[in-house]
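# Examination of the molecular architecture
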Amino acid sequence: MFCPKCGGQNPEEGKFCRSCGTDLGNVSGSLAAKPQSRKLVNHKGKPIHWEGAITKIFTGVAFLIISIALAFTAMGRTWWFWMLIPAFGSIGSGIAQYMQLRRAERGENVYVPEINKSEISSSKKPALPPQQTEWAAPESRYKTGDLAPGSVTDNTTRHLELDKEGQTMTLPKK
């Protein structure tokens, strides 16, 4: 083992460097430690396990059997082949997960995607637009009444007769 500070060669069981006296306990401990196996995850960040892989394979086989059964019945003569899409998709993903688990079990290198949730959340755009757009002034010189024509109610109520308290009563008599 070589010293990380001075580069001097030391015995594998050495606790301190022979040249500079640096503590080599951490270095020898990290070299002797077994590398940690990372947990297998799919592209969505969910863990891959044997039950899930076998379930996907059997689900795909079930879809395949149903599509074949529909092909020979009157009910599914025209659309049975659409059942092949989930069948082959499920079989394919199940086999892929099964192969990943077998490779990991044998100790071979397996691709494990690095999913950093902070990067994902920061790359998302806000769901709602900003509170106020920059191109519209908060105080407009036009008022709603200026742009819209008068309402039908305004024109009809001015023809009603008023009583002595100023309340409307009925339309005028002709």
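Data block above holds the structure.
Residues take numbers from 1 onward in each chain, read along the sequence in its written order. Where local features are concerned, this predicted model is filtered to residues with pLDDT of at least 70; where side-chain atom pairs are given and counted, the filter is 80 or more; whole-chain, interface and lining totals use all residues. Side-chain numbers here rest on the full set of heavy atoms in the structure, without hydrogens or water.

### Examining the pattern of salt bridges
Side chains carrying opposite charge are able to pair once their charged atoms draw close together. Spelled out, the test is: Definition used for salt bridges: Asp or Glu carboxyl oxygen within 4 Å of a side-chain nitrogen of Lys or Arg. Relative accessibility decides the category of a residue: with a 1.4 Å probe and only protein chains considered, values under 20% of the type maximum give buried, values over 50% give exposed, and everything between is partly exposed.
Per the stated rule, a full pass over the model turns up 1 salt bridge. Here R106 and E108 are joined by a salt bridge, their closest N and O atoms 2.9 Å apart. Among the residues examined, R106 registers a relative accessible area of 52% and is labelled exposed. E108 gets classed as partly exposed once you look at its relative accessible area, which sits at 39%.

### Notes on a nonpolar patch on the surface
Selection criterion: Candidate patch residues must exceed 30% relative accessible area and have no salt bridge, after which like charges are joined if within 9 Å and Val, Leu, Ile, Met, Phe, Trp or Tyr side chains if within 5 Å. Only the protein chains shown count as cover for residues, and the accessible areas themselves come from Shrake-Rupley with a 1.4 Å probe. In DSSP terms, a helix is any run of H or I states spanning at least four residues, a strand is any run of E spanning at least two, and both are numbered starting from the N terminus.
Side chains of M75, W79, F81, W82 and I85 sit close together on the surface and give an oily, nonpolar patch of about 590 Å² of accessible area. Mapping M75 onto the fold places it in the loop between α2 (50–71) and α3 (84–106). Since its relative accessible area comes to 66%, M75 is described here as exposed.

### A closer look at the environment of Q100
On the secondary structure map, Q100 appears in helix α3. Owing to a relative accessible area of 22%, Q100 belongs among the partly exposed residues under this scheme. Sequence spacing of Q100 and L40 is 60 residues, and the spatial spacing of their C-alpha atoms is 8.2 Å.

### Describing the packing of α2 against α3
Put simply, the test is: For every element, the axis is a line fit to its C-alpha atoms; helices are fit only across the contacting stretch, and the angle between N-to-C directions ranges from 0 to 180 degrees. Any angle that is under 35 degrees is reported as roughly parallel, and any over 145 degrees as roughly antiparallel; angles of 65 to 115 degrees are reported as roughly perpendicular and all others as oblique. Crossings are sorted by hand: turned counterclockwise from the far helix by less than a right angle, the near helix makes the crossing left-handed, and turned clockwise it makes it right-handed. Ten residues, namely Ala, Val, Leu, Ile, Met, Phe, Trp, Tyr, Cys and Pro, are considered nonpolar, four, namely Asp, Glu, Lys and Arg, are considered charged, and the remaining ones, Gly among them, are considered polar.
One way to put it is that α2 packs onto α3 with a least axis distance of 7 Å and a crossing angle of 155°. Judged on the interaxial angle alone, α3 and α2 are roughly antiparallel. By crossing handedness, the relation of α2 to α3 is classed as left-handed. By residue class, the composition of the contact of α2 with α3 is 14 nonpolar, 8 polar and 3 charged.

### Comments concerning the packing of aromatic side chains
Going by this rule: Centres within 6.5 Å are what make two rings of Phe, Tyr or Trp a pair, Trp counting through its six-membered ring; a difference in plane orientation under 30 degrees is then read as stacked, over 60 as edge-to-face, and the rest as tilted.
On inspection of all chains with the given rule, the structure shows 3 aromatic pairs. Judged by centre distance (5.5 Å) and plane angle (75°), the rings of W50 and Y98 are edge-to-face. Of this pair, W50 sits in helix α2 while Y98 is found in helix α3, placing the two residues 48 residues apart along the sequence. Given a relative accessible area of 29%, W50 falls into the partly exposed group. Residue Y98 is classed as partly exposed on the basis of its relative accessible area, which comes to 33%. With 6.1 Å between their ring centres and 85° between their planes, W80 and F81 make a pair best called edge-to-face.

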